[in-house]
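Close look at the chain arrangement
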Amino acid sequence: MRAAVLGSPVGHSLSPVLHTAAYSALGLAGEWSYESRECAEAELAGFLKGCDDSWAGLSLTMPLKREALRLADEAERVAREVGGANTLVLGGGRRSAYNTDVHGIAAALREAGVERVSSAAVLGGGATAASAVAALRDLGADADGGIALLAREPARAAGTVEAAERIGVRPAVAPLARIDGFLGVDVVVSTLPSGAGDAYAGAVAGCGAAVFDVVYSPWPTALAAAAQEAGRTVVGGFAMLLHQAARQVELMTGAESAPVEAMRTAGLAELDRRNG
């Protein structure tokens, strides 16, 4: 059976390392393979048409998540709500869409001891921010104003606001430059690209909240380092990546439980190799 991660660019992805480690731990190494394929949004439909019965599933990274949802025959509720799918399970001539990013974010926070959230600030307004809002809702965040969505250009976060409203959340929306007024929260989740959150590191570190930065390399980010120095609970993007990949392994292979620790060991070793 075959699986792959698709996106553009995709060469940096850790997914092949994580999934291959899972196959080995599950005793599937001789039967399953996982690779990375460069694929632009306009190329996804053609790629899917070329997938035969040997293909079990695909992981989708940017910019394919919305297009993957559009091309699916069926989709789970969470994927429909957030407006994007990072997973397609293939079988029986059908494409089933899932969003495991929401699971990954919630699992990463729980693993760090953040079991329940009543209020949060989400930095950024893209697809990952929408998944973060859904995860925070699942952790108990107040649906009416309990989540603040802070984007560099709030008008460009309209899609994320619509996604939040589909899951019954009415976020407060404001420019990222006004972050100081929205930090009296339990958790700050940064979905900003690497380096984009550096200017807010001091403000976030001083607010007393747990901090989750979805960036995993280079690590720690300035935001995470400042929060660690201030004694805050800090969660990195690797934990999210690990847990969303584990859920993908379960969906694609049918395994009852993915070998998370084997995947963690392999992923961290690869990050050390890249950073060495």
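As a starting point, this report considers the structure included with it. (Residues numbered from 1 in each chain as written. Predicted model: local features only at pLDDT ≥ 70, side-chain atom pairs only at ≥ 80, totals over all residues. Heavy atoms only, no water.)

1. What to know about helix 7 (residues 158-166)
Of the residues making up helix 7, those classed as buried are Thr160, Val161, Ala163 and Ala164. For helix 7, the angular spread of buried residues about the axis comes to 160°, placing them on one side. Among the structural elements, helix 4 (77-82), helix 6 (127-138), strand 8 (144-151) and strand 9 (170-175) are those in contact with the buried residues of helix 7. Gly168 lies just past helix 7 and shows a positive phi near 85°. (Buried < 20%, exposed > 50% of the residue type's maximum accessible area, 1.4 Å probe, protein only. Helix = DSSP H or I, 4+ residues; strand = E, 2+ residues; numbered from the N terminus. Arc of directions from axis to C-beta. Contact = heavy atoms within 4.5 Å.)

2. Some points on the sheet that holds strand 12 (residues 234-236)
Read from one edge to the other, the open sheet built from six strands follows the order 9-8-7-10-11-12, with strand pairing classed as parallel. The open sheet has two edge strands, strand 9 and strand 12, and neither has a second partner. Along the sheet, successive strands turn relative to each other by an average axial angle of 20°, direction set aside. With four bridges joining them, strand 10 (residues 187-190) and strand 11 (residues 210-213) adopt parallel strand pairing. Within the sheet, the bridge partner assigned to Val188 lies in strand 11 and is Val211. (Pairing = 2+ DSSP bridges. Axes fitted to C-alpha atoms, helices over the stretch in contact; angles between N-to-C directions.)

3. Considering the sheet that holds strand 3 (residues 55-60)
With respect to topology, six strands assemble into an open sheet ordered 2-1-3-5-6-4, the strand pairing being mixed. Two strands close off the open sheet at either side, each with one partner strand: strand 2 (33-38) and strand 4 (74-75). In the sheet, strand 3 pairs with strand 5 (residues 87-91) via three bridges, with the strands oriented antiparallel. From the neighbouring strand, Gly57 faces strand 5, where its bridge partner is Val89. Sheet strands in contact with helix 1 (residues 15-25) are strand 1 (2-7), strand 2 and strand 3, and its direction is about 165° off that of strand 2.

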